[in-house]
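# A look at the structure
The lines below spell out each chain.
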Amino acid sequence: MKDMFEYAPVIKSTKEFTATRNACKLCAPLGAAIAFKGIRGCVPIIHGGQGCATYIRRYLISHYKEPVDIASSNFSEEATIFGGAANCHQAIDNVISAYKPEVIAMSTTCLSETIGDDVKFYIKNYIEEKKDEEIPHFITAATPSYQGSHMDGFHEAVAATVKSLAKGGEKGDHINLFSGFVSTEDLRQLKQTMYDLATDFVLLPDYSETLDNPIWKTYKRIPEGGTPVQKIETAGSAAASIEFGTILNSGSLSGRVKNKNLTTSGGTYLEKEFGVKNYRMPMPIGVKLTDQFFEILTEVTGKEMPEVYEGQRGRLIDSYADGHKYIFGKKAVVYGEEDFVVAMTAFLDEVGIDVVLAATGGESGKLADEIKEYCPERGDKILAKNGWDYERIHEWCQENKPDIMVGNSKGYYIARELEIPIVRCGFPIHDRIGGQRIKHIGYAGTQELFDQIVNSIIEYKQDHSPVGYKYM
Ligand code: SF4
């Protein structure tokens, strides 16, 4: 008998490459599920194999410490070969009967995209079949994970939501806030800012309660909170949109759009479709970027920054002066989602920390340009890398010995080996409680980050001091 390998085709790679080891990004429908959780009464369905939904649920529960119900259309071998139309309809029926949702939001997976399942068509048929019944609103987002990260999925989901629900009409005074992927506490802060400004707003998505709710006396199948459909419908008649993030979903899901102004985000869509002016800026971390946020708010609403924020700003600048001597010139590595890395690097640059590596698993190819734009002091000296995984960050750190790491808890093993401090922020935080409540944005969020960073450096010095000290 011939050796089986005699029949195997010889495939020779002409290009050397290293496979991704411990990816610094997550799966696209995971990001979509988070965004869909920010719509009131919404149940996300993942159209594909059961494992995708299980992994996503498990991952989110570990960060948010809440029950996270995400349904699956549960592909079998048959659906994989003949298409998932029947599974799609069955999943919708099951979700309606179990949850009675206001909205069903379906995102696709690697599997359903590979076989070319047309989810929009399946749902159109479903709506036609049930035309005499009361059925929920539907949203669909195409999120093949091999073409994008969780951030691409998140922003695709936000864009799909406004495309499905927003309507035009006479212009109002309200503002759309597309906050990007921030923490639940950041979302609460944003809402408070709008209350303080006495300005009506549409915050999308708003998972501040659905993924971080108060304790319940009885179990709720769908948690309270989220942006109501009726609010989203008014997004097309808003006075303006403010969108945090300059890279958003401009990775491969959107066809590697080189011009960031062409990215199909929620804000871009509303501007093109309904003429709602879109102000796009990085996440407001640090004094400069938070100032920019308030300047935009003033321009749009005609209202000055409320006094309480003047106080927060003043205290933050005062603390910059107090903490400067402990952090100046320290070498930091920042990693995580692209827009998070841009804003965090800009903030560290502002306080005098030398970011030596800014790395992300996202593949827009725009990180270096954005960092140069928002870090005018040292931007061109920062090694900014798209498409890096944790192992590349690890190897780089072993060679270049940074002083501190700033990012999610996935970098912990690198910091532990190097015996350097890590400041946990962003997503995910799997080895602490309260990760979902970390504040990042605004003067108040920056204040907490700044104190944490300075204290981490002081604590490290104190722990490694031969004499120890309790006064400085
Ligand atoms: S990467 Fe693809 S196969 Fe894996 S969980 Fe995500 S969608 Fe499913």
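## Comments concerning the packing of helix α1 (residues 28-36) against helix α7 (residues 150-165)
For the pair α1 and α7, interaxial distance at closest approach is 6 Å and the crossing angle is 45 degrees. With respect to each other, α1 and α7 are oriented oblique. α1 and α7 meet at a crossing whose hand is right-handed. Taken together, the residues of α7 that come into contact with α1 (itself represented by A28, L30, G31, A32, I34, A35 and F36) are H150, G153, F154, A157, V158 and T161. Split by residue class, the contact of α1 with α7 holds nine nonpolar, four polar and no charged.

## So, the nonpolar core
Counting residues in each nonpolar core, the largest one holds 105 residues, and the members touching the most others are I34, M344, F347 and L348. Ranked by residue count, the leading element in this core is helix α13 (residues 338-350), at eight residues. Those residues in contact with I34 that lie beyond four places of it in its chain are L60, Y64, F154, F181, Y207, L211 and F427. A359, Y390, W396 and A415 belong to the second largest nonpolar core, which has 17 residues in total.

## Points about the site of the ligand
Every residue near the ligand is listed here: C27, P29, C52, Y55, T109, C110 and S145. Residues belonging to the shell around the ligand are distributed by class as follows: five nonpolar, two polar and no charged.

## Structural notes on unusual backbone geometry
Each neighbour pair has its own omega, and for L204 with P205 the value is -10 degrees, a cis peptide bond. Here P205 lies in the loop between β6 (201-204) and α9 (229-233). A cis amide bond links F427 to the next residue, P428, at an omega of 0 degrees. For P428, the location among the structural elements is in the loop between β13 (422-424) and α17 (442-463). At K65, a residue that is not glycine, the phi angle is positive and equals roughly 55 degrees. Positive phi is not limited to glycine here, since K100 has a value of about 45 degrees. Relative to the helices and strands, K100 resides in the loop between α4 (85-99) and β3 (103-108). We classify K100 as exposed; its relative accessible area is 64%.

## Focus on helix α2 (residues 50-64)
When the terminal C-alpha atoms of α2 are compared, their 21 Å separation across 15 residues agrees well with the 21 Å that a helix rising 1.5 Å per residue should span. Within α2, the full set of buried residues consists of A53, I56, Y59, L60, S62, H63 and Y64. Contacts from the buried residues of α2 go to α1, β1 (42-47), β2 (71-72) and α8 (184-196). Where α2 terminates, the next one or two residues include K65, which has phi positive at roughly 55 degrees.

## Section: the sheet that holds strand β4 (residues 137-141)
Strand order across the open sheet formed by four strands is β2-β1-β3-β4, with parallel pairing between neighbours. Sheet topology places β2 and β4 at the edges, where each strand pairs with a single neighbour. Both β1 and β2 contribute to a ladder of two bridges, which runs parallel. Across the sheet, residue I46 finds its bridge partner in β2, namely S72.

## Here's the deal with the domain arrangement of the chain
Once the domains are mapped, the chain shows domain 1 (28-281) and domain 2 (324-463). Placing a centre on the C-alpha atoms of domain 1 and another on those of domain 2 gives a separation of 28 Å. On the domain 2 side, the residues contacting the 33 residues of domain 1 number 28 residues. When the two sides are added together, the surface that domain 1 and domain 2 hide from each other amounts to roughly 2500 Å², 54% of it contributed by carbon and sulfur. The interface formed by domain 1 and domain 2 holds one salt bridge in total. A salt bridge links D212 to R437, with the nearest nitrogen and oxygen atoms 3.5 Å apart. The tally of links from domain 1 across to domain 2 stands at 16 residue pairs in polar contact (both at pLDDT 80 or more). Of all elements in the fold, only α1, α2, α7 and α8 reach the threshold of two or more residues within the side of domain 1 that touches domain 2.

Cut-offs used in this document
- Residues numbered from 1 in each chain as written.
- Predicted model: local features only at pLDDT ≥ 70, side-chain atom pairs only at ≥ 80, totals over all residues.
- Heavy atoms only, no water.
- Axes fitted to C-alpha atoms, helices over the stretch in contact; angles between N-to-C directions.
- Helix = DSSP H or I, 4+ residues; strand = E, 2+ residues; numbered from the N terminus.
- Parallel < 35°, antiparallel > 145°, perpendicular 65-115°, else oblique.
- Left-handed = near helix turned anticlockwise from the far one by under 90°.
- Contact = heavy atoms within 4.5 Å.
- Nonpolar A, V, L, I, M, F, W, Y, C, P; charged D, E, K, R; others polar.
- Core = buried A, V, L, I, M, F, W, Y, C linked by side-chain atoms within 4.5 Å.
- Buried < 20%, exposed > 50% of the residue type's maximum accessible area, 1.4 Å probe, protein only.
- Near = heavy atom within 4 Å.
- Expected span 1.5 Å × (residues − 1).
- Pairing = 2+ DSSP bridges.
- Domains from an automatic or database assignment.
- Buried area = accessible area lost by both parts, 1.4 Å probe.
- Salt bridge = Lys/Arg side-chain N within 4 Å of Asp/Glu carboxyl O.
- Polar contact = N/O pair within 3.5 Å; in protein donor to acceptor, adjacent residues only side chain to side chain.

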